[in-house]
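Here are the chains, one letter per residue:
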Amino acid sequence: MGPLHKIDHMGDEELLVPVGADPFSPTGSSTDSANELWEWLRLLNRRKTLIIGAGLVAVAIMALIIAQQTPLYKASSRIMLDTRTFKVINSEAALSGVDTLNLGAIQSELEVIQSEFLIGRVVDRLGLASNPDFNGSRPPGFLDATMAPIRELWQSGISSLLAPVRRTAPAAQSRQARADESDLARRAAIGTVASHLTVSLLGRTFVIVVTVESPDGTMSARIANAIAEVYLADQVDNKNEANRRATEWLQERLSELRQNLQTAEEKVAAYRRDKGLAGSPESVVSTQTLSDLNSKYLAAKTRRIEKEARLVALSKASLNPGELAGIAEVASNTSLNALRTQELELGRRIAELSTQFGPNHPKLVQARSELAAVHARFLQQTQNIISGIRAELDAARAEEEELKAQVEHASALSGTASQYEAELKQLEREAQSNRTLYESFLNRFKELREQQDIQRADARILAYAWPSTVPSSPQYKTGLFAAFVVGCLLGMAGAIAAEKLDRVFRSASQVEKATGVAVLGMIPLVKGAVGQRANIVTQVVDRTTSSAAEAMRAVFTAISLNNLDQPARIIAVTSSTPGEGKTTFSAALGGLLTKMNASRRVLLVDLDLRQAKLAVALGLKERGGTIDEYLMGLKTLDECIHRHEPSGVDYICARADTPNAPEVLESHAMKAALATFADRYDLVILDSPPVMAVSDARIVSQLADYTIFVLHWAKTPRDVVKSAVAALRSVTDRIGIVINKVNLAKHAMYEYGDYGDYYSRYRGYYGAAYGGATPTAGAANETSGIAKLTRIVPRMK
């Protein structure tokens, strides 16, 4: 819970009201009950000028940008992929059509359309390399020329600073420059077309939409149509090229196969003719028998070779025992595996004994002997395996020799006819194989020759592009509307920032929360002639029913009811800094109280001994006797006191730049003078200096019964007010704050629900506006306010 104020109830009870609460409310609760949404809406309302202004500035900037842009016209052509697989024959994969049911293949076709090669063919076809709209030779606009240095610095500035400088020979530089210039225009045109080209699928169909933008609507249509036509031509060209390469290769192979077939057939015919063979069943049987023997002979020979290889491998491994583990016979031998295990165990044991004993220790000698015995047994076992393999090899050799002899014998028995028949069949098989291969290649060659004449693309142009007369970009309405929205958003951000950074007071609740001192009232801004304070005082005194007059009377009523037993007779009026209207407020308050009640005797005393502005506020030409002259005994009291005829209030002026002002204010003469003033007058109003300027205000506050602290609405910084109030509270606890110069038109936008809000809402209640000046808003019903004040009146700590 926040700090509380003590409040007298009819002078004999004390109530506690939270800081920030309206002391004039019957319940004493806060009047700021609007929810957060209304707070945001009110913020936007009072900052609408900033928000709308930011939006209009953004619109103006966007309009300038759009005005500098070159209008682009869009044209679209449509290509439909053929969903049928158009194939006359079953060609190879290189010659097959596009698989339109494969989404990956469709995406590949989209990339082909956007490829640099295909766009380059379009550029060459339409001569875009010499078109200023595409080759980059068109002079840039004002905006582009302005942004070019920044863009260049952004893109290459840092890299050029960090990259090492490359030095090349002048001749090499010249050749490189000529090569770059020759290809620069074409590459620029390709890049321009690619950057303004959009290729996409139309929904879930097989239709490809090719869209091109350019400064010329006719050129956009020509480019879109050219891309579609070049794409179809490229498909046909690719198929023809693949067909041509396959045909050339088949033609070369056919020549070779034809020669081989002719040679094989000639050999068969010559052999038949030379040997006079006609073929017989006996020769077939003899040939079969010889074939079986040959098979057996080859198998025996294979076994012999295998045995020899095993023997050689084992013999080489026996020279290096480490390789014996890789031999199958050794690895599968149980005895050798056991010996290997013993060898490893003895090796580990010898290593342990070597670390414990000397080299000639009996245990170490015995272990070495055991290891040598294991090695001997291992070698003996290996030799046994070698002997067994050698015996198997001898048997295999004998079998091979025997089968060889049988084959030779069978060959001799088969006769010359069988031998000739076998050779003839071999020749016929070779000729038949060559004929089959040649016919297969010949049929494929004929198919390709026929397909070469009927090639077509796997797509067709569904719709050609037509020139557009309406530019597609820039989009004026969308761009300006988006700029306005973005500008308004930035304006809202600025408005929120301005609200958060607002360091002045705009409502009574803010002042009370920050200072812990109750606000006695809010005085509406009274506009008079520039530099004429007397005009303002005159307006308040002459128009006693105005909102400013009612607000001042409410302030005095609150002070009077603060302590009914001992009402304040001497009231000091001060502020934190000059220019907050304390002197004008003092003069207007004194004149108003006197005019409203002729029997009430009021004296205005100017104790601002440094500036002395009371005479200016009252519109006096002559100051008369001053307070310092009275205190020093140079003049009598009657000679110093004068009357303001328009209002009837008495006053004593001061002399500006009075020497030793603090000593004068602290003197016994000043205290005696204030006592005299209090005896002769019902109310004495002291116009004291600002608190933050000099220390005089604190001295005057100690001499007064009550101190009114005046602050300028929406101008005096919060920290300054808090510091000034803290300085006053260090010398007196009877302080009340008056918010002066409240601009009711601006204050109404905040809808705080305080004094100023009521003055604005019910301005008609307070009568006509000030003549000759800007009208001020009215105040709340002061009669009801006074009734409320009789129930609860703030009393300062």
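What you see is a predicted model; the values in this text were computed from it and never measured.

Cut-offs used in this document
- Residues numbered from 1 in each chain as written.
- Predicted model: local features only at pLDDT ≥ 70, side-chain atom pairs only at ≥ 80, totals over all residues.
- Heavy atoms only, no water.
- Helix = DSSP H or I, 4+ residues; strand = E, 2+ residues; numbered from the N terminus.
- Buried < 20%, exposed > 50% of the residue type's maximum accessible area, 1.4 Å probe, protein only.
- Areas by Shrake-Rupley, 256 points an atom, 1.4 Å probe, with all protein chains shown as cover.
- Contact = heavy atoms within 4.5 Å.
- Pairing = 2+ DSSP bridges.
- Axes fitted to C-alpha atoms, helices over the stretch in contact; angles between N-to-C directions.
- Salt bridge = Lys/Arg side-chain N within 4 Å of Asp/Glu carboxyl O.
- Phe/Tyr/Trp six-rings, centres within 6.5 Å; stacked < 30°, edge-to-face > 60°.
- Lys NZ or Arg CZ within 6 Å of the ring centre and 35° of its normal.
- Parallel < 35°, antiparallel > 145°, perpendicular 65-115°, else oblique.
- Left-handed = near helix turned anticlockwise from the far one by under 90°.
- Nonpolar A, V, L, I, M, F, W, Y, C, P; charged D, E, K, R; others polar.
- Patch = residues over 30% accessible without salt bridge, like charges linked within 9 Å, V, L, I, M, F, W, Y side chains within 5 Å.

Participant: In this structure, what is going on with the overall build of the protein? I would like to understand it.
Facilitator: Counting its regular elements, the protein contains 27 helices and 15 strands. For the protein, the proportion of its 797 residues judged to be buried stands at 40%. Summed over its atoms, the accessible surface of the protein is roughly 43000 Å², and 55% of this surface lies on carbon and sulfur atoms.

Participant: Is there a simple way to think about the side chain of Ser701 in this case?
Facilitator: Following the sequence through the fold, Ser701 ends up in helix α23 (residues 696–703). The contacts of Ser701, once residues within four sequence positions are left out, are Thr707, Leu728, Val731 and Thr732.

Participant: Can you help me understand the sheet that holds strand β5 (residues 207–214) in this one?
Facilitator: Sheets are built from strands that pair by backbone hydrogen bonding, the pairs being arranged parallel or antiparallel. The four strands lie next to each other as β4-β5-β3-β6, forming an open sheet whose pairing is antiparallel. The open sheet is flanked by β4 (197–201) and β6 (459–463), the only strands paired with a single partner. If you compare each strand with its neighbour and ignore which way they point, the axes differ by 25 degrees on average. Contacts from helix α3 (residues 103–113) reach β3 (73–81), β4 and β5, with the element oriented near 165 degrees to β4.

Participant: What's the story with the environment of Val207 in this structure? I'm lost.
Facilitator: Secondary-structure assignment places Val207 in strand β5. Between the C-alpha atoms of Val207 and Ile79, which are 128 residues apart in sequence, the distance is 5.6 Å. If we ignore the near neighbours within four places in the chain, the residues touching Val207 are Arg78, Ile79, Met80, Ser200, Leu201, Leu202 and Leu462.

Participant: Looking at this structure, how should I read unusual backbone geometry?
Facilitator: Following Ser473, the chain continues to Pro474 via a peptide bond in cis, the omega torsion being 0 degrees. Relative to the elements of secondary structure, Pro474 occurs in the loop between β6 and α13 (476–500). Backbone geometry at Ala612 places phi at a positive 55 degrees, although glycine is not the residue there. Topologically, Ala612 is positioned in the loop between β9 (602–606) and α18 (614–618). A positive phi angle, near 50 degrees, is found at Asn660, a position not held by glycine. Residue position: Asn660 is located in the loop between β11 (649–652) and α21 (661–666).

Participant: Help me understand the pattern of salt bridges, please; the structure alone is not making it clear to me.
Facilitator: Oppositely charged side chains can form a pair if their charged atoms are brought close together. Inspection of the entire model under this criterion finds 28 salt bridges. Across the pair Glu241 and Arg245 runs a salt bridge whose closest N-O atoms are separated by 3.3 Å. Here the residue Glu241 and the residue Arg245 both occupy positions in helix α8 (residues 217–275), the gap between them amounting to four residues, near one helical turn. Notably, a salt bridge pairs Asp502 with Arg506, separated by 2.5 Å at the nearest N-O pair. Here Asp502 matches Arg506 in class, with each residue buried. What emerges from the salt-bridge pattern is a single network uniting Glu241, Arg244, Arg245 and Glu248.

Participant: Looking at this model, I keep getting lost on the packing of aromatic side chains. Mind explaining?
Facilitator: Each aromatic ring pair is summarised here by two numbers: the centre-to-centre distance and the angle between the ring planes. In this structure the tally under the stated criterion is one aromatic pair. Directly above the ring of Trp713 sits Arg506, whose terminal nitrogen or CZ lies 5.8 Å from the centroid.

Participant: Honestly, the packing of helix α14 (residues 508–515) against helix α24 (residues 718–729) in this entry has me stumped. Any pointers?
Facilitator: A packed helix pair is summarised by two numbers, namely the angle formed by the two axes and the spacing between the axes. Between α14 and α24, whose axes approach to 10 Å, the crossing angle comes to 55 degrees. In terms of their interaxial angle, α14 and α24 are classed as oblique. The handedness of the crossing between α14 and α24 comes out as right-handed. Taken together, the residues of α24 that come into contact with α14 (itself represented by Gln510, Ala514 and Thr515) are Arg718, Val721, Lys722, Val725 and Arg729. Taken together, the residues that form the contact of α14 with α24 break down as three nonpolar, two polar and three charged.

Participant: Before we go on, may I ask you to explain the pairing of strand β7 (residues 519–524) in this structure?
Facilitator: The side chains of a regular strand alternate, residue by residue, between the two faces of the sheet. Burial analysis of β7 places six of its six residues in the buried class, which makes it a mostly covered element. Relative to strand β14 (residues 735–742), β7 runs parallel, the two sharing four bridges. Across the sheet, Val519 pairs through a bridge with Ile737, a residue of β14.

Participant: How should I be thinking about the packing of helix α16 (residues 547–560) against helix α17 (residues 582–596) in this particular structure?
Facilitator: For the pair α16 and α17, interaxial distance at closest approach is 10 Å and the crossing angle is 85 degrees. Taken together, α16 and α17 sit at an angle that is classed as roughly perpendicular. Every residue of α17 that contacts α16 at Ala549, Met552, Arg553, Val555 and Phe556 is listed here: Phe585, Ala588, Leu589, Leu592, Leu593 and Met596. Partitioned by chemical class, the residues of the contact of α16 with α17 number ten nonpolar, no polar and one charged.

Participant: Help me out: how do you make sense of a nonpolar patch on the surface in this one?
Facilitator: A surface patch of nonpolar side chains, amounting to about 760 Å² of accessible area, comprises Leu37, Trp38, Leu41, Leu44, Phe481, Val485, Leu489 and Met492. Sorting the residues of the nonpolar patch by element identifies α1 (36–46) and α13 as the ones contributing at least two each. For Trp38, a relative accessible area of 48% gives the class partly exposed.

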